[in-house]
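Tertiary structure, described
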Amino acid sequence: MTNVALIVAAGRGTRAGPGGPKQYRLLGGIAVLRRTLVAFASHPGIDHVLAVIHPDDADSYQAAAAGLPKLLPPSFGGATRQASVALGLESLHKISPTNVLIHDGARPLVSAAIINRTLDALKTHRGALVALPVTDTLRRAEAGQASETVSREGLWRAQTPQAFRFDAILDAHRKASASDLTDDVAVAAAAGIDVTMIEGDEMNLKITSAADLDLAERLLGTSGESRTGSGYDVHRFGPGDHVWLCGVRVPHTNGLIGHSDADAGLHALTDAILGAIGEGDIGQHFPPSDPQWKGAASDRFLAHAAKLVSDKGARIVHVDVTFICERPKIGPQRDAMRARVADILALDTDRVSIKATTTEGLGFTGRNEGLAAQALATVRFP
Ligand code: MG
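Residues numbered from 1 in each chain as written. Predicted model: local features only at pLDDT ≥ 70, side-chain atom pairs only at ≥ 80, totals over all residues. Heavy atoms only, no water.

**Comments concerning the layout of surface pockets**
Rolled over the atoms, a probe sized like a water molecule indicates the empty space that remains. Estimates place the volume of the second largest pocket at around 210 Å³. Forming the boundary of the second largest pocket are 14 residues, of which S260, H267, F286, P288 and F301 lie nearest the centre. Contributions of two or more residues to the lining of the second largest pocket are made by β12 (225-238), α8 (264-276) and α9 (282-285). For the lining of the second largest pocket, a count of residues per class yields 6 nonpolar, 6 polar and 2 charged. (1 Å grid on protein atoms, 1.4 Å probe; cavity = no way out; pocket = protein on both sides within 12 Å on 5 of 7 lines; lining within 4 Å. Points joined across faces, edges and corners; volume = space filled by probe spheres on them. Helix = DSSP H or I, 4+ residues; strand = E, 2+ residues; numbered from the N terminus. Nonpolar A, V, L, I, M, F, W, Y, C, P; charged D, E, K, R; others polar.)

**Overview of the side chain of Q162**
Residue placement: Q162 occurs in strand β10 (residues 156-165). A distance of 3.5 Å separates the side chain of Q162 from the backbone oxygen of Q159, its partner in a polar contact. Only 3.1 Å separates the side chain of Q162 from the backbone nitrogen of D184, close enough to count as a polar contact. Not counting the four nearest positions on each side in its chain, Q162 is found in contact with V100, L101, I102, A128, L129, D183, D184 and V185. (Polar contact = N/O pair within 3.5 Å; in protein donor to acceptor, adjacent residues only side chain to side chain. Contact = heavy atoms within 4.5 Å.)

**Structural notes on helix α4 (residues 112-121)**
Every buried residue belonging to α4 is among I114, I115, T118, L119 and A121, and all of these are buried. Axial view of α4: buried residues confined to an arc of 160°, hence all on one face. Here the buried face of α4 lies against β1 (3-9), α1 (32-41), β6 (99-104), β7 (127-133), β10 and β11 (195-199). (Buried < 20%, exposed > 50% of the residue type's maximum accessible area, 1.4 Å probe, protein only. Arc of directions from axis to C-beta.)

**Quick look at the pairing of β10**
For a regular strand, side chains alternate in direction, first toward one face of the sheet and then toward the other. Pairing geometry for β6 and β10, over 4 bridges, is antiparallel. Pairing of L101 across the sheet is with A163, part of β10. Inspection of the sheet shows β7 paired to β10 by 6 bridges, in the antiparallel sense. Bridge pairing links G127 to F164 in β10. (Pairing = 2+ DSSP bridges.)

**Some thoughts on the nonpolar core**
Judged by nonpolar contacts, the single largest core of 43 residues is most densely connected at F323 and L345. For this core, the secondary structure elements donating two or more residues are β13 (242-245), β14 (248-251), α8, α10 (299-311), β16 (315-324), α11 (334-345), β17 (352-357) and β18 (370-381). Considering each element in turn, this core owes the most residues, 8 residues, to α8. The residues touching L345, leaving out its near neighbours within four places in the chain, are L269, I273, L302, A306, I316 and V319. Counting residues in hydrophobic clusters, the runner-up holds 29 residues, among them A5, I7, A51 and V110. (Core = buried A, V, L, I, M, F, W, Y, C linked by side-chain atoms within 4.5 Å.)

**Some remarks on the packing of helix α3 (residues 81-91) against helix α5 (residues 166-175)**
The geometry of α3 relative to α5 is characterised by a closest axis approach of 10 Å and an angle of 130° between their N-to-C directions. Taken together, the axis directions place α3 and α5 in an arrangement best described as oblique. Remark: the crossing between α3 and α5 carries left-handed chirality. For the pair formed by α3 and α5, the contact residues are Q82, V85, A86, L89 and E90 on the first element and F166, I169, L170, H173 and R174 on the second. (Axes fitted to C-alpha atoms, helices over the stretch in contact; angles between N-to-C directions. Parallel < 35°, antiparallel > 145°, perpendicular 65-115°, else oblique. Left-handed = near helix turned anticlockwise from the far one by under 90°.)

**As for the sheet that holds β16**
On the basis of which strands lie adjacent, the open sheet formed by 5 strands has the order β15-β12-β18-β16-β17 and mixed pairing. Here the strands that pair on one side only, and so sit at the sheet edges, are β15 (255-257) and β17. Each strand axis lies, on average, 30° off the axis of its neighbour in the sheet, ignoring direction. In the sheet, β16 pairs with β17 via 6 bridges, with the strands oriented parallel.

**Considering the coordination of the magnesium ion**
Looking at the metal site, the magnesium ion is ligated by D233 (OD), H235 (NE2) and H267 (ND1), spaced 2.1 to 2.2 Å from it. Written as a sequence motif, the donor residues of the magnesium ion are D-x1-H-x31-H. Each member of the pair, D233 together with H235, is buried. (Donors = N, O, S within 2.8 Å, 3.2 Å for Na, K, Ca; no water.)

**Section: the pattern of salt bridges**
For the structure shown, the criterion picks out 17 salt bridges. Two residues, D57 and R12, come together in a salt bridge whose shortest N-O distance is 2.7 Å. With D57 in the loop between β4 (48-53) and α2 (58-65) and R12 in the loop between β1 and β2 (26-27), this pair connects stretches of sequence that are 45 residues apart. Of the charged contacts in the structure, one is a salt bridge between E148 and R140, with a shortest N-O distance of 3.1 Å. On the basis of relative accessibility, which here comes to 41%, the residue E148 falls in the partly exposed class. Bridged by salt links that share partners, the residues R81, D104, R107, D184 and K206 form one connected network. (Salt bridge = Lys/Arg side-chain N within 4 Å of Asp/Glu carboxyl O.)

And the structure:
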């Protein structure tokens, strides 16, 4: 048994706006058509992949297909989708495969599960159509006014692959050559081929517009970008019986000296977040010269930085604070600190890391003159 994927990619894709045919646009840095070719070429049930392309796109195709296995030399398409498929099928005549899976080049997110279901269906049917049941309410509109509801009973949205026994669909296309049918199921139906329905999925969308490209980027998680900021802070030990570290009151033989509560952990973390969003540093937002910040609890500094992030439409995805000190011991306070920082930033605790290290008795932290903290914050922009 031989299974061939016939990828229809001859369209000009003018609906996607300027920038060339949509099947050669980049999706997450990879051409849409290359993703489609890979989906089939990497599937163990597919023996060959044939793309039907526009003659003007030969160079783009070579770039998109470079290095991929199982590819047959591409065929050139015709004036319509139906004509392109027919030309592709004719070129497969020499191979005469058992089955052919006809798939839109602009549906790059087709899953291995859909290809599996399609191949399974062809064991018992001469044709199979991947589709999704219509779940939205359908309503007719007249002159812009909502009118009656239309029953969605029995209605499906056709996707691809549309798959057939090769001999049957080749014959059907030859018979249909004079007509203009919208897809291969219509061609098959005109020839009396039974076509069973297979459930597709929403990921298997067709990229016809710039908005579809954006949606596909989101589905792939390749939209947006991450930015990382770092922060560092030091405070000197002085008289006192406790210190504030990451919003937790920690009993100690000394206090920390500072204009606010001297919470080096929250100060470093606030700077890290400000760094990730390019908003200067903590001293710029809360000048030490301003008396209103004297003795202030540092959670408000951190909350302010978090608000600046959300004002930009971004979100904090991870923070990591490292204390550098001989004493106090951080380990016993770690869970309380993670919970407190998570609470201030409205994050899950597993997105907050608190660590500690010593400097082996060296330097100002080794001599217990002070305590340092450094932090990283990762922010995701949509
Ligand atoms: Mg500080």
